[in-house]
Amino acid sequence: MSIEKQFVTALQAHQAIIHKICGMYCRDFDDRKDLFQEIVIQLWKAFPKFRHESKVSTWVYQIALNVAISDLRKIKRKPVAQSLDELNHDIPDWIPDSSQEEKIQLLYKAMEHLSSVEKALLMLYFEEKENEEIAEIMGITANNVRVKMTRIREKLRTEIGQKK
């Protein structure tokens, strides 16, 4: 099988990972499309060097998260001026009726205060990845994952406690 066909097969099998990462780091549809495209380009560039020493999904997470985080850093360096009127359009009028939905909204609001690396760790945790796989994806030790997750949970508890 040609390298192009191998890449397309791997991409089709793991594109949901890329979509999740794009959704976590970009609110705007066009920004998500741009990030998705940039991740695919970087995956393509790195594919010939992939030695299959880890799972393909782990490799996709590594590249996609690195691209998303570095892309986010570039955006933060270039602040965009917005009027208050524009910002008001992003505030939803909808108020959740169920307590479960309210809890989910509180969690999402609290997650906005996490760093890009903390968001990545939390996303992988929500994906029910083992600490060892999270460590491999993030390039840190499994023990460091446990420590960071403990700190993230504490940050979220504090943030949600302040919102109530």
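Everything that follows concerns the structure shown earlier in this document.
The shown structure was predicted, so the numbers you read here are calculated from the model rather than taken from an experiment.

The final tally for this structure, using the stated rule, is zero disulfides. A disulfide-free cysteine, C22 has its sulfur positioned 6.2 Å from the sulfur of C26, the nearest such atom. Residue classification places C22 among the buried positions, given a relative accessible area of 2%.

The next point concerns the nonpolar core. A general trend in soluble globular proteins is that nonpolar side chains are found buried together. I18, I21, Y25, I39, L43 and L65 are the most contacted members of the largest nonpolar core, which has 46 residues in total. Among the elements of the structure, α1 (3–25), α2 (29–46), α3 (56–77), α5 (99–111), α6 (116–126), α7 (131–138) and α8 (142–163) are those that each provide at least two residues to this core. Residues in contact with L65, not counting those within four places in the same chain, are I21, Y25, A120, M123, L124, I137 and M138.

This paragraph deals with the packing of α1 against α2. Between α1 and α2, whose axes approach to 9 Å, the crossing angle comes to 145°. Like other packed secondary-structure pairs, α1 and α2 cross with a definite hand, here right-handed. Counting all contacts with α1, which are made through I3, E4, F7, L11, Q15, I18, H19, I21, C22, G23 and Y25, the residues of α2 involved are R32, L35, F36, I39, V40, L43 and W44. Among the residues forming the contact of α1 with α2, the class breakdown is 13 nonpolar, three polar and two charged.

Glancing now at the side chain of T58. By the secondary structure assignment, T58 is in helix α3. Residues contacting T58, with those up to four places away along its chain left out, are E133, E136 and I137.

Our focus in this paragraph is α6. Taking burial as the measure, the 11 residues of α6 include eight buried ones, the bulk of the element. Here α6 has its buried residues at S116, E118, K119, A120, L121, L122, M123 and L124. Where α6 terminates, the next one or two residues include E128, which has phi positive at roughly 60°.

Calculation rules
- Counting restarts for each chain, with residues numbered from 1 along the sequence as it is written.
- Only residues with pLDDT of at least 70 get local features here, since the model is predicted, and only at 80 or more are side-chain atom pairs given and counted; chain-wide, interface and lining totals rely on the full set of residues.
- As a convention, hydrogens and water are excluded, and side-chain values are obtained from all of the structure's heavy atoms.
- Only a pair of cysteine sulfur atoms within 2.5 Å qualifies as a disulfide here.
- Here the term buried applies to any residue with accessible area under 20% of the maximum for its type, exposed to any over 50%, and partly exposed to those in between, with areas from a 1.4 Å probe on protein chains only.
- Side-chain atoms within 4.5 Å link the members of a nonpolar core, which is a set of buried Ala, Val, Leu, Ile, Met, Phe, Trp, Tyr and Cys residues.
- The numbering of helices and of strands both runs from the N terminus, where a helix is a DSSP run of H or I of at least 4 residues and a strand a run of E of at least 2.
- When checking whether two residues touch, look at their non-hydrogen atoms; a contact exists if any pair is within 4.5 Å.
- Orientation is described by lines fitted to C-alpha atoms, with helices fitted over the stretch in contact, and by angles between N-to-C directions that extend from 0 to 180 degrees.
- Take the far helix as your reference; a near helix turned counterclockwise from it by less than a right angle gives a left-handed crossing, and one turned clockwise gives a right-handed crossing.
- Only Asp, Glu, Lys and Arg are considered charged, only Ala, Val, Leu, Ile, Met, Phe, Trp, Tyr, Cys and Pro nonpolar, and every remaining residue, Gly among them, polar.

Purely geometric stuff here, so don't read any function into it on its own.
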